[in-house]
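Residue strings, one per chain:
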Amino acid sequence: MTRIYPIAWAALCSITVAWAQEKPLDQKMDFEEYDPPSTLVVPEHHLTRAKFPFIDVHNHQFNMPSQDLNALAKEMDKLNMQVMVNLSGRGRGSTEHLERSLENVKKNNSGRFIVFTNMDFAAIDDPQWQGRMLKQLEDDVRKGANGLKIYKSLGMFTEDSKGKRVHIDDPRIDPIWEKCGQLGIPVLIHAADPKQFWQPIDENNERWLELKLHPGRRHDSDPVSWETIIAEQHNIIRKHPKTTFIAAHLAWYGNDLKKLGELLDQFPNMYTEIGAVIAELGRQPRAAKAFLTKYQDRVLFGKDSWVPDEYETYFRVLETADEYFPYHKRYHAFWRMYGLDLPDDILKKIYYKNALKIIPHIDASQFPK
């Protein structure tokens, strides 16, 4: 006969009671729905205005030829945005769009808006293309454009007449990059997209939710790799040291600040901006603060989409020491943010001083010394 000792019996009874008390949870919930508010009780600072007037170097206003810029300036005032850079000066490619945008700016709040021009690379194998684009660039700058914005279509989607992908570092574009340097205007270039868009769409992909909600952003079956496109961008920055390049979105290295720092060290003519990637900085506050301290002269403020309520996240990450607060788009970042609590001298550089150095014709008198 097997004997059960009192201690073992008590333990067995305890386990049995626990099992009896457990009830299976019948509720099923998708990952997308599970988003519990934090119960953490810590100081919170909801900043609706930046501490200093700032320049948003990455904005898009496709209605600039006809929109009420005085009304837009009032919305900017609420955020303490002193100058907005509209990167979509040509709209969908029209010279008339650019001219009317510049005219509207000239007549209404001329000190508050800066306009960049754009360029069409689809006809690159036309023998007349290069000369035509150089003249267009010179004309646009003469009319009032203060920079060139390159969309991600170059390197990803743009094809020549034979259906071949146009590379960012195609030598036929070299005179364009050189001309920007001669004209003293920066090139703000968006190359590729987040690297995760090229990776398998599975449980190991940090952007899984975004790619499920926006399947058009997937590039996991693209014939050209992320590494190839990014390398082409680096090639033109290296090849044209007299031209200033602003690599958009932290050059897609916000999750690898060591690599981004190496690029900034390698390319003195390269700057970057934080549009649409503040979540990368907010999840690594110590590393991000160290990075922005070291490279405080090379990083500009940008937001990308014009959604005024979302600027709070940027101000809160840059200015406060808040802990564990949500990003404004969960599908971009299911993690939480932490404030970097940057000192005033660094904030001023990111908010406006760095932009004043490299973007011409911004009225510096609008900003503190």
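Calculation rules
- Residues numbered from 1 in each chain as written.
- Predicted model: local features only at pLDDT ≥ 70, side-chain atom pairs only at ≥ 80, totals over all residues.
- Heavy atoms only, no water.
- Core = buried A, V, L, I, M, F, W, Y, C linked by side-chain atoms within 4.5 Å.
- Buried < 20%, exposed > 50% of the residue type's maximum accessible area, 1.4 Å probe, protein only.
- Helix = DSSP H or I, 4+ residues; strand = E, 2+ residues; numbered from the N terminus.
- Contact = heavy atoms within 4.5 Å.
- Phe/Tyr/Trp six-rings, centres within 6.5 Å; stacked < 30°, edge-to-face > 60°.
- Lys NZ or Arg CZ within 6 Å of the ring centre and 35° of its normal.
- Pairing = 2+ DSSP bridges.
- Right-handed = clockwise from strand over helix to strand, strands pointing away.

Asker: Got a sec to walk through the nonpolar core? Specific residues and values, please.
Answerer: In terms of nonpolar packing, the biggest core is built from 104 residues, with Phe-301 and Tyr-351 touching the most fellow members. The biggest single contributor to this core is helix α13 (residues 344-358), with 7 residues. Leave out the neighbours within four places in its chain, and Tyr-351 touches Ala-50, Lys-51, Phe-52, Pro-53, Phe-54, Ile-55, Phe-301, Phe-315, Leu-318 and Glu-319.

Asker: Account for the packing of aromatic side chains, with residues named and values stated.
Answerer: Inspection of every chain in the model, using the stated rule, returns 17 aromatic pairs. One residue, Arg-283, lies across the ring of Trp-335, its end atom 3.8 Å from the ring centre. Positioned above the aromatic ring of Phe-325 is the side chain of Arg-316, whose terminal nitrogen or guanidinium carbon lies 4.1 Å from the ring centre.

Asker: Lay out the pairing of strand β2 (residues 81-86) in plain terms, naming residues and giving numbers.
Answerer: Extensive coverage of β2 is indicated by the burial of 6 of its 6 residues. Relative to β2, strand β1 (residues 54-59) runs parallel, the two sharing 4 bridges. Looking at β2, one finds that Asp-56 is bridged to Met-84. The parallel pair β1 and β2, bridged by helix α2 (residues 69-79), forms a crossover whose chirality is right-handed. Here β2 runs beside strand β3 (residues 113-115); their pairing, made up of 3 bridges, is parallel. Residue pairing for β3: Met-84 is matched across the bridge by Phe-113.

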